[in-house]
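Topology and contacts: notes
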Amino acid sequence: MVRAGLTTERLVRAGAILADEAGFDAVTPSALAKLFDVKVASLYSHVTSARDLKTRIAFLALDELAALAADAVAGRSGKDALVALANVHRDFAREHPGLFAASRFPLDQESAASSGGVRLARMIRAVLRGYDLAEPAQTHAVRLLGSVFLGFATLELGGSFSHSAPAPQESWFHTLEALDALLRHWPQVSR
């Protein structure tokens, strides 16, 4: 029997809030059942498994990040677009650490192809058009940017930059300057 007011959307939203408050690993069917004061079995009318719940939260995270990124890069190009895109990733990680973690939840190929991650990848490629990179350099650059955005945000969230000067913001500024310079002068590598 479906409990009145309990919907898939409410479960996913509650899971997203719980992820931001307690960490993505804390999001379980039993934690949400406790939150809604229902038996765990009641949730399975709305999600099929813990993995389904986490996949849905990952979709929400990727959709929200893609929407924020689209707004940030609209009408920008080159370095301005790069900085806007980078700042969206860093800000999202700091404001929504649980959703940031959810955005990296491993999706199967079919799910990944229908997620906001595809829009994010397209936006990164659109930003890179301002740097005139041809394939395969463009794919390498997409992976580099994703690694830098993820790596910096993960280290910052983990407190890795809080024990030394300069402030993380200064390092972030220099990182983005270095990325812009690298993208403008992408090395030609032959193998």
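First, a word on scope: everything that follows refers to the structure included in this document. If you're wondering where the values come from, they're calculated on a predicted model, not measured in any experiment. All residue numbers here refer to positions counted from 1 along the written sequence of the relevant chain. Whole-chain, interface and lining totals are the exception, using all residues; otherwise, since this is a predicted model, local features are given only for residues with pLDDT of at least 70 and side-chain atom pairs are given and counted only at 80 or more. Side-chain descriptors were evaluated using all non-hydrogen atoms of the structure, hydrogens and water having been removed beforehand.

1. Brief notes about the environment of histidine 89
- Working definition: helices are DSSP H or I runs of at least four residues, strands are E runs of at least two. Numbering for both runs from the N terminus. Looking at where histidine 89 falls in the secondary structure, it is placed in helix α5 (residues 78-95).
- Buried residues are those whose accessible area, probed at 1.4 Å on protein chains only, stays under 20% of the maximum for their type, while exposed residues exceed 50% and partly exposed ones sit between those limits. Its relative accessible area of 10% is what places histidine 89 among the buried residues.
- Separated by 24 residues in the primary sequence, histidine 89 and leucine 65 place their C-alpha atoms 7.4 Å from one another.
- Within 3.5 Å is the distance limit for a polar contact, defined as a pair of N or O atoms, with the added protein rule that one can donate a hydrogen and the other accept it, and that residues adjacent in sequence qualify only through two side-chain atoms. For histidine 89, the side chain forms a polar contact with the main-chain oxygen of leucine 85, separated by 3.0 Å.

2. What to know about the packing of helix α1 (residues 8-22) against helix α4 (residues 50-73)
- Orientation is described by axes fitted as lines to C-alpha atoms, over the contacting stretch for helices, and by angles from 0 to 180 degrees between their N-to-C directions. Closest axis-to-axis distance for the α1/α4 pair is 9 Å, and the angle between their directions is 75°. Taken together, the axis directions place α1 and α4 in an arrangement best described as roughly perpendicular. The segment α1 lies against α4, with Thr8, Leu11, Val12, Arg13, Gly15 and Ala16 engaging Leu53, Arg56, Ile57, Leu60 and Glu64.
- The classification used treats Ala, Val, Leu, Ile, Met, Phe, Trp, Tyr, Cys and Pro as nonpolar, Asp, Glu, Lys and Arg as charged, and all other residues, Gly among them, as polar. Of the residues in the contact of α1 with α4, the class split is six nonpolar, two polar and three charged. Angular relationships are summarised with four words: roughly parallel below 35 degrees, roughly antiparallel beyond 145, roughly perpendicular across 65 to 115, and oblique for the angles in between. Two residues form a contact once any of their heavy atoms are found within 4.5 Å.

3. So, unusual backbone geometry
- Along the chain, glutamate 135 connects to proline 136 via a cis peptide bond; the corresponding omega equals 0°.
- The residue proline 136 is located in the loop between α8 (116-129) and α9 (137-157) in this model.
- Here alanine 165 and proline 166 are connected by a cis peptide whose omega angle stands at 5°.
- The phi dihedral of aspartate 37 is positive, around 55°, even though this residue is not glycine.
- Relative to the helices and strands, aspartate 37 is located in the loop between α2 (29-36) and α3 (40-43).
- Assessed through its relative accessible area of 62%, aspartate 37 is described here as exposed.
- Despite not being glycine, aspartate 132 shows a phi value in the positive range, around 55°.
- With respect to the element layout, aspartate 132 can be found in the loop between α8 and α9.
- Here aspartate 132 falls in the exposed class, since its relative accessible area comes to 71%.

4. A short note on the pattern of salt bridges
- The salt bridge criterion pairs a side-chain nitrogen of Lys or Arg with a carboxyl oxygen of Asp or Glu, the two atoms within 4 Å. A complete count under the given rule lists nine salt bridges for this structure.
- Of the charged contacts, one joins glutamate 156 and arginine 94 as a salt bridge, the two residues approaching to 3.9 Å between their closest N and O atoms. Of this pair, glutamate 156 sits in helix α9 while arginine 94 sits in helix α5; the two residues are 62 residues apart in sequence, bridging distant segments of the chain.
- Of the charged contacts, one joins aspartate 180 and arginine 184 as a salt bridge, the two residues approaching to 2.9 Å between their closest N and O atoms. Here aspartate 180 and its partner arginine 184 are both found in helix α10 (residues 168-184), four residues apart, which amounts to about one turn of the helix.
- On the basis of relative accessible area, aspartate 180 is assigned to the buried category, the value being 4%.
- In the salt-bridge network here, residues are joined through shared partners; they are Arg90, Asp91, Arg94 and Glu156.

5. A look at the layout of surface pockets
- Points on a 1 Å grid over protein atoms alone make up a cavity when a 1.4 Å probe fits among them but cannot get out, and a pocket when they form an open set with protein on both sides within 12 Å along at least five of seven lines; lining residues each have an atom within 4 Å of a point. Grid points are joined across faces, edges and corners, and a volume is the space filled by probe spheres set on the points. Taken as a whole, the largest pocket spans an internal volume of roughly 450 Å³.
- Taken together, 19 residues make up the lining of the largest pocket; nearest its centre are Leu62, His89, Ser103, Leu120 and Gly146.
- Elements that contribute at least two residues to the lining of the largest pocket include exactly α4, α8 and α9.
- The element best represented in the lining of the largest pocket is α8, accounting for five residues.
- Considered as a void within the structure, the second largest pocket measures approximately 260 Å³ in volume.
- Grouping the amino acids of the lining of the second largest pocket by side-chain chemistry returns seven nonpolar, two polar and two charged.

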